[in-house]
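Chains, contacts and geometry: an overview
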Amino acid sequence: MGGATEYGDLPDHAEPPEYGETWVYESIVGALPGIDVSRPFAVGLQLVVFEVGVLLLAWYYDLWAAAVAGTAAVVVAAAGSVEMLRIGSLARSVDAPESYRRLLFGSSIEVVLAVLAYVALVTHLFVFDPRSGTPLVETLFGPEPPVAVVYLTLLVLWDLCYRIGTGWWASVVALWRSARFRFDPGTVRTLRRADLETMGFGFVQLLLVPFLLDHPVLLAALVGHVVAVTAVTGLSVVLLHRKGREPAVSART
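In this report, we go over the structure that sits alongside the text. (Residues numbered from 1 in each chain as written. Predicted model: local features only at pLDDT ≥ 70, side-chain atom pairs only at ≥ 80, totals over all residues. Heavy atoms only, no water.)

Focus on the overall build of the chain
As a reminder, the rule being used: In this text, helices come from DSSP runs of H or I with a minimum length of four residues, and strands from runs of E with a minimum of two, each type numbered from the N-terminal end. Exposure categories follow from relative accessible area, calculated using a 1.4 Å probe and restricted to protein chains: below 20% of the type maximum is buried, above 50% is exposed, and the middle band is partly exposed. By definition, residues are in contact when any of their heavy atoms lie within 4.5 Å. Per-residue and other accessible areas follow the Shrake-Rupley method at a 1.4 Å probe size, with only the shown protein chains counted as cover for residues.
Looking only at helices and strands, one finds nine helices and zero strands in the chain. Reading the chain from its N terminus to its C terminus gives the helix and strand order α-α-α-α-α-α-α-α-α. The buried share of the chain, reckoned over its 253 residues, is 45%. Counting only contacts in the chain whose residues sit at least 6 apart along the sequence, the fraction spanning at least 24 positions is 82%. Summed over its atoms, the accessible surface of the chain is roughly 13,100 Å², and 68% of this surface lies on carbon and sulfur atoms.

Let's talk about the packing of aromatic side chains
For clarity, the threshold we go by: Aromatic pairs are defined between Phe, Tyr and Trp rings, using the six-membered ring for Trp, whenever the two ring centres lie within 6.5 Å; interplanar angles under 30 degrees are classed as stacked, those over 60 as edge-to-face, and all others as tilted. Counted as over-ring charges are cases with an Arg CZ or a Lys NZ within 6 Å of the ring centre that also lie within 35 degrees of the ring normal.
On inspection of all chains with the given rule, the structure shows six aromatic pairs. Between Y60 and Y61, the ring centres sit 4.9 Å apart and the planes meet at 85 degrees, which makes this aromatic pair edge-to-face. For Y61, a relative accessible area of 33% translates into the label partly exposed. Considering the side-chain rings of W158 and Y162, the 6.4 Å spacing of their centres and the 25 degrees angle between planes classify their relative orientation as stacked. One end of the pair, W158, and the other, Y162, are both in helix 7 (residues 147–180), four residues apart, so they sit about a helical turn from each other. Look at W158 and you get partly exposed, because its relative accessible area is 29%. Overall, Y162 belongs to the buried group, its relative accessible area being 6%. Every member of this aromatic cluster is reached through a ring pair, and the members are W59, Y60 and Y61. Residue placement shows R92 over the ring face of F105; its charged tip is 5.3 Å from the ring centre.

Comments concerning the nonpolar core
Grouped burial of nonpolar side chains is what soluble globular proteins tend to show. Put simply, the rule is: The nonpolar core is taken to be a set of buried Ala, Val, Leu, Ile, Met, Phe, Trp, Tyr and Cys residues, with the residues joined through side-chain atoms within 4.5 Å.
L125, L160 and L208 are the most contacted members of the largest nonpolar core, which has 33 residues in total. By residue number, the principal contributor to this core is helix 3 (residues 64–92), which donates seven residues. In this view, L208 contacts A72, A73, V76, L160 and L222; residues no more than four positions away in its chain are not counted. By size, the runner-up hydrophobic cluster in this structure holds 14 residues, among which are L104, W169, F183 and L240.

Comments concerning the packing of helix 3 against helix 4 (residues 98–106)
Here is the rule we go by: Angles run from 0 to 180 degrees between N-to-C directions of axes, and those axes are lines fitted to C-alpha atoms, restricted for helices to the stretch in contact. Oblique is the label for any angle not under 35 degrees, not over 145, and not in the 65 to 115 range, which are roughly parallel, roughly antiparallel and roughly perpendicular in turn. Left-handed describes a crossing whose near helix is turned anticlockwise from the far helix through less than a right angle; right-handed describes the clockwise counterpart. Lys, Arg, Asp and Glu make up the charged group, whereas Ala, Val, Leu, Ile, Met, Phe, Trp, Tyr, Cys and Pro make up the nonpolar group; the residues left over, Gly among them, are polar.
Contact geometry for helix 3 and helix 4: axes closest at 11 Å, N-to-C directions at 160 degrees. With respect to helix 4, the axis of helix 3 lies roughly antiparallel. Crossing handedness for the pair helix 3 and helix 4: left-handed. Residues G88, A91 and R92 of helix 3 form the contact with helix 4, whose participating residues are Y100, R101, L104 and F105. Class assignment of the residues belonging to the contact of helix 3 with helix 4 gives a composition of four nonpolar, one polar and two charged.

A word on the packing of helix 7 against helix 8 (residues 185–204)
Direction vectors running N to C along helix 7 and helix 8 enclose 145 degrees, while the axes themselves pass 10 Å from each other. Considering only the axes of helix 7 and helix 8, their crossing is left-handed. Between helix 7, through R163, I164, G167, A170, S171, A174, R177 and S178, and helix 8, the contact on the second element is made entirely by L191, D195, T198 and F201. Considered class by class, the residues forming the contact of helix 7 with helix 8 number five nonpolar, four polar and three charged.

Digging into the environment of V75
Turning to its location among the elements, V75 is positioned in helix 3. Residues V75 and F50, 25 residues apart in the sequence, show an inter-C-alpha distance of 9.4 Å.

Here's the deal with helix 3
Selection rule: Working rule for helices: expected span equals 1.5 Å times residues minus one.
Taking 1.5 Å per residue, 29 residues should reach 42 Å; helix 3 reaches 42 Å between its end C-alpha atoms and fits that length. With 21 of its 29 residues buried, helix 3 lies for the most part within the structure.

Thoughts on a nonpolar patch on the surface
For clarity, the cut-off: Surface patches are defined over residues having more than 30% relative accessible area and no salt bridge, joining like charges when they lie within 9 Å and nonpolar side chains (Val, Leu, Ile, Met, Phe, Trp, Tyr) when within 5 Å. Salt-bridge detection follows one rule: a side-chain nitrogen of Lys or Arg within 4 Å of a carboxyl oxygen of Asp or Glu.
Residues V48, V52, L55, L56, W59, Y60, Y61 and W64 make up a contiguous nonpolar surface patch of about 860 Å² in total accessible area. Broken down by element, the nonpolar patch gets its largest block of residues, seven residues, from helix 2 (residues 39–61). Note on placement: Y60 falls in helix 2.

Encoded structure:
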């Protein structure tokens, strides 16, 4: 057998990430024809456009109570965008195994998870919820929700589901990475930061809890998701810490 390989920091001249080493969200922003904006600017634009839409529709249809919930959802989605950029940058800033990066970014599994979450959420809101009491949609928008309001709501909810799917996938891949590989102390610190960013975004999602107190299924799903992500990323951090104190024995994969 050959000598063990320990993963470490990338050199200062590392090239910018290519497509396949970015989230789908990052790839879309970078691929818009004729538009060259920084990713932080794109996040700010997302926040402003969604929030202006929420406030304009709340003013036009007199739905100010719903605007509070809408603003919370927009803030959580924007926070998710920021966390995705930070997690991606941290994961790419170190000499991590190619299989880790390929699994994290190239598989696009976060999109699949987001679609599953979104379909489940829409089914719950428009099929299950109306049969089990006062529907959340009716509580927020009245018995005859305006079409424009529903459209914007579904758009923001998709954004939320995509960030949530990314959180799921980032936590699962992080646990696999921490269990499979060993890294030098500097890399351990960087990857631990990435894991804590993933965990932190889960906590940010708890801002939505006050709007779900009368809807136990959605409340249980949200809290259960946050607990699961926290547990998985927490275990990843523990494994990183333990393996970071041992000599590297794994070979490059």
